[in-house]
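Summary of structural features
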Amino acid sequence: MITIMDTKWTGIAKGVKPDTRRRVVLPKSSVKEDITYHVYINHSGQIILDPQITLPAPEAWVFKDKKVLASIDRGMVESANGQTVDRGSFARHVKDDL
């Protein structure tokens, strides 16, 4: 099921008709690069394009581990609220073996 994130709609085109292969062309200004879409339709025939991004497989574990994701979310909230601690530079821990 899709979650509607915003109820403010902006018209981007009018009178658009599908071509002979039933494709609808969207204005370039409304489509970002590297985005794919999940397409949903309701009983009234309204269509929603839900933008998606591809996540590299080695990074997917973060979203599968609820404790890690909750910890990251907590850290983001703390950071946004100015609840950070300056630990100084970590440069001394860097190894340039490359």
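Small disclaimer: the values here were computed from a predicted structure and weren't measured.

1. Structural notes on the overall build of the chain
- The number of helices and strands found in the chain is two helices and two strands.
- Going from the N terminus to the C terminus, the chain shows its helices and strands as β-β-α-α.
- Its C-alpha atoms give the chain a radius of gyration of 21 Å, more than 25% over the compact-globule value 13 Å for 98 residues.
- Taken along its principal axes, the extent of the C-alpha atoms in the chain is 65 × 35 × 25 Å.
- Taken across its 98 residues, the chain has 3% of its residues classed as buried.
- Taking all contacts inside the chain whose residues are at least 6 apart in sequence as the whole, residues at least 24 apart take part in 12%.
- Of the roughly 10,100 Å² of accessible surface on the chain, a fraction of 56% belongs to carbon and sulfur atoms.
- The averaged location of the 12 negative side-chain charges in the chain is 9 Å from the averaged location of its 15 positive side-chain charges.

2. Details of the pattern of salt bridges
- The tally for this structure, following the rule as stated, stands at one salt bridge.
- The partner of Asp19 in a salt bridge is Arg23, with the nearest N and O atoms 2.9 Å apart.
- Given a relative accessible area of 29%, Asp19 falls into the partly exposed group.

3. Examining unusual backbone geometry
- Despite not being glycine, Arg22 shows a phi value in the positive range, around 65°.
- Along the chain, the position of Arg22 falls in the segment before β1 (36–41).

4. Concerning the pairing of strand β2 (residues 47–52)
- Here six bridges tie β1 to β2, and the two strands are oriented antiparallel to one another. When the bridges of β2 are listed, His38 appears paired with Asp50.
- The turn joining β1 and β2, which pair antiparallel and follow one another in sequence, is formed by five residues; a positive phi near 90° is taken by Gly45.

5. Observations concerning the confidence of the model for the chain
- In this model, the chain carries an average pLDDT of 90, and 98% of its residues clear a pLDDT of 70 or more.
- Ranking the elements of the chain by mean pLDDT puts β2 last with 90 and helix α2 (residues 66–80) first with 95.

6. A few points about the environment of Val39
- Relative to the helices and strands, Val39 resides in strand β1.
- Residue class for Val39 comes out exposed when judged on its relative accessible area of 58%.
- In sequence terms Val39 and Pro51 are twelve residues apart; their C-alpha atoms lie 8.9 Å from each other.
- In contact with Val39, not counting residues within four places along its chain, are Ile47, Ile48 and Leu49.

Scoring rules and cut-offs
- Residues numbered from 1 in each chain as written.
- Predicted model: local features only at pLDDT ≥ 70, side-chain atom pairs only at ≥ 80, totals over all residues.
- Heavy atoms only, no water.
- Helix = DSSP H or I, 4+ residues; strand = E, 2+ residues; numbered from the N terminus.
- Rg over C-alpha atoms; globule rule 2.2 N^0.38 Å.
- Buried < 20%, exposed > 50% of the residue type's maximum accessible area, 1.4 Å probe, protein only.
- Contact = heavy atoms within 4.5 Å.
- Areas by Shrake-Rupley, 256 points an atom, 1.4 Å probe, with all protein chains shown as cover.
- Lys, Arg positive; Asp, Glu negative; His and termini not counted.
- Charge placed at Lys NZ, Arg CZ, Asp CG, Glu CD.
- Salt bridge = Lys/Arg side-chain N within 4 Å of Asp/Glu carboxyl O.
- Pairing = 2+ DSSP bridges.
- pLDDT = per-residue confidence, 0-100.

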